[in-house]
Amino acid sequence: MRHLMNPLDFSVEELDSLFDLANDIEKNPAKYAHACEGKKLATCFYEPSTRTRLSFESAMLSLGGQILGFSDAASSSASKGESVSDTIRVISCFADICAMRHPKEGAPMVAASKSMIPVINAGDGGHQHPTQTLTDLLTIRSLKGRLGHFTIGLCGDLKFGRTVHSLINALVRYPDIHFLFISPPELRVPDYITDMLHEKNISYEEVIRLEDCISRLDLLYMTRVQRERFFNEEDYVRLKDFYILNKAKMELAKDDMLILHPLPRVNEISVEVDDDPRAVYFKQVQYGVYVRMALILTLLNINV
Ligand code: CP
């Protein structure tokens, strides 16, 4: 039995197979419409979500399976003090696979260690968000035609943004990637990540102003400032609108630069940018469903 806790749990070759499967699902959805008949997915979400939970549920329904779960810790027995270890033992009696989001870093890992069914980390605190990373990689591979040989700017809250941490971890395995970390000093990427880049001899720069570097980017990964992880509201209010990508800034960008965003968006991308063909963040959401379908099939060992 296999779980997914970290994007690095899959080798580059395994990810290639997963993305090939996701692209086949995109082209031939009918072929997979009954693949998970008789199987159930549990979504155990102790933290709010729109995309991740619903895209897992949409993925399982599109595979002909069924879904159950909770979307709020307050409506589960966690509110009575039940541990994730006990909860997953119970969920193992009800479902064949579980996607879990939790505000505590490592909680899905604890669940996986006690689980009788595959567990997927659907986001743990500020740590990792592996299925968002799979979504991001599939989007880049499908729309750019390659993973590697590009300059990527990651912009916004690089301190608390778990999608950023997961994506950097995953991208370092591909060739010739140059990172530009664009953030205010208070929200710079954690030292453990820059230490890892130094160790691997991977090039990066830290920049404060998006305007100073946007023209060099092949990919721009925007993120929101993570209000829920701030210790005080004053700091959040001061930093929340530090970056606003608008049409004027997009005029400085390459014609084929893609804008990605894990969403939800707050103010960091002006809605006037949404019609720009380079804005692919809503396409990215659709790729998230295909890749989660491929992941469910892979973890359940179902071949179509
Ligand atoms: N991208 C993402 O994780 O969105 P949700 O928080 O809505 O699931």
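Use the structure listed above.
This structure is a prediction, so every number in the text was calculated from the model and none was measured.

Draft legend 1. The arrangement of the packing of aromatic side chains in detail. Applying the stated criterion across every chain yields a total of six aromatic pairs. Ring centres of Phe179 and Phe181 lie 5.7 Å apart, and the angle between their planes is 25 degrees; this geometry places the pair in the stacked category. One exposure class covers both Phe179 and Phe181, and it is buried. Ring centres of Phe181 and Tyr204 lie 5.7 Å apart, and the angle between their planes is 35 degrees; on these two criteria the pair is classed as tilted. Of this pair, Phe181 sits in strand β6 (residues 177-182) while Tyr204 sits in strand β7 (residues 204-207), and the two are 23 residues apart along the sequence. Taken together, Phe179, Phe181 and Tyr204 form an aromatic cluster joined through their ring pairs. Sitting over the face of the ring of Phe10, Arg2 holds its NZ or CZ atom 4.4 Å from the ring centroid. When the ring centre of Phe56 is taken as reference, the NZ or CZ atom of Arg292 above it lies at 5.1 Å.

Draft legend 2. Region of the structure containing the pattern of salt bridges. On inspection of all chains with the given rule, the structure shows 18 salt bridges. Linking Asp16 and Arg141 is a salt bridge whose minimum nitrogen-to-oxygen distance equals 3.5 Å. One end of the pair, Asp16, is in helix α1 (residues 12-27); the other, Arg141, is in helix α5 (residues 130-144), and 125 residues separate them in sequence. The exposure class assigned to Asp16 is partly exposed, which follows from its relative accessible area of 30%. Between Arg141 and Asp20 there is a salt bridge; the shortest N-O distance is 2.7 Å. One end of the pair, Arg141, is in helix α5; the other, Asp20, is in helix α1, with 121 residues separating them in the sequence. Accessibility expressed as a relative area gives 18% for Arg141, which makes it buried.

Calculation notes
Residues numbered from 1 in each chain as written. Predicted model: local features only at pLDDT ≥ 70, side-chain atom pairs only at ≥ 80, totals over all residues. Heavy atoms only, no water. Phe/Tyr/Trp six-rings, centres within 6.5 Å; stacked < 30°, edge-to-face > 60°. Buried < 20%, exposed > 50% of the residue type's maximum accessible area, 1.4 Å probe, protein only. Helix = DSSP H or I, 4+ residues; strand = E, 2+ residues; numbered from the N terminus. Lys NZ or Arg CZ within 6 Å of the ring centre and 35° of its normal. Salt bridge = Lys/Arg side-chain N within 4 Å of Asp/Glu carboxyl O.

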